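# Coordinate inspection notes
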Amino acid sequence: LESEWGTRRFLVFYGVCVLGAALCQFALATWMVYSEGRIAYAVGASGGIYGLLVAFGWLFPNQRIGLFLLPINFKARYFVIALIALQLALALLGGITGESHVAHLGGAFFGAALLLYWRRDRTRPPQGPPPRRRAITALYAFCREVDDVVDECSDPQLARAKLAWWRAELAAAY
């Protein structure tokens, strides 16, 4: 996301998601003190991570995401929807897992709201990366692919085919 938006916009987005998560957690903690007499603490920036997950699922919905130690992949949009649904279910059912599901949902909500705001605000640049950043991203991906081909590919013909495809992608990015 940072390579798509640039560092400043990425940090603004992450900060808004963290602050939105903290605001939701503060509202829940205040309600818990007044209604039940319990105190709820929360430390961390996981709400910001959920906001970044929403942004990734929004901007790259067909990108494949794999889970660690599981041999299955999901499209980003379905993965993010499943995570948000899980957090919503745990928040409504009162799961005692030691994490703030409301803060996660708050970060996701504020991230989605900021994406909608940026989408409607016509004075901001378009969401796509500028040509120079697109070229740098393509060059970085090409270098990663070269590294992967050198490490993994024992068939020279397959290696040449992969690298030719990436060269074409890199040329299209310029």
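Worth saying up front: this structure is predicted, and the values here are computed from it rather than measured.

When the terminal C-alpha atoms of helix H3 (residues 46-59) are compared, their 20 Å separation across 14 residues agrees well with the 20 Å that a helix rising 1.5 Å per residue should span. Of all the residues in H3, the buried ones are Gly47, Gly48, Tyr50, Gly51, Leu52, Val54, Ala55 and Gly57.

Glancing now at helix H5 (residues 101-120). With 20 residues, H5 ought to run about 28 Å at 1.5 Å a step, and its terminal C-alpha atoms sit 29 Å apart, in line with that. Residues of H5 that are buried include every one of His101, Ala103, His104, Leu105, Gly106, Gly107, Ala108, Gly111, Ala112, Leu114, Leu115 and Trp118, and no others.

Per the counting criterion, the structure on display carries six aromatic pairs. With 5.9 Å between their ring centres and 45° between their planes, Phe13 and Trp118 make a pair best called tilted. Taken together, the residues span a long stretch of sequence, with Phe13 in helix H2 (residues 7-36) and Trp118 in helix H5 at a distance of 105 residues. Phe13 gets classed as buried once you look at its relative accessible area, which sits at 0%. Ring plane angle 90° and centroid distance 5.7 Å describe the contact between Phe109 and Phe110, whose orientation is recorded as edge-to-face. Judged by relative accessible area, which is 55%, Phe109 ranks as exposed. Each residue in the set Trp5, Phe13 and Trp118 is aromatic and connected to the rest through ring pairs, giving one cluster. For the cation-ring pair, Arg77 lies above Tyr78, with the distance from its terminal atom to the ring centre recorded as 5.6 Å.

Definitions and cut-offs
- Counting starts from 1 at the beginning of each chain's written sequence and moves along it residue by residue.
- Per-residue local features of the predicted model are confined to residues with pLDDT of at least 70, and side-chain atom pairs are confined, for both listing and counting, to 80 or more; whole-chain, interface and lining totals are unaffected and use all residues.
- Working from all heavy atoms in the structure, the side-chain values ignore hydrogens and water.
- In DSSP terms, a helix is any run of H or I states spanning at least four residues, a strand is any run of E spanning at least two, and both are numbered starting from the N terminus.
- Expected helix span is taken as 1.5 Å per residue step, with the number of steps being one fewer than the number of residues.
- Think of it in three bands: with a 1.4 Å probe and only protein chains considered, a residue is buried below 20% of the maximum accessible area for its type, exposed above 50%, and partly exposed in between.
- Pairing of aromatic side chains here covers Phe, Tyr and the six-membered ring of Trp, requires ring centres within 6.5 Å, and sorts the geometry by plane angle: under 30 degrees stacked, over 60 edge-to-face, intermediate tilted.
- Look at NZ for Lys and CZ for Arg. If either is within 6 Å of the ring centre and within 35 degrees of the ring normal, a charge sits over the ring.

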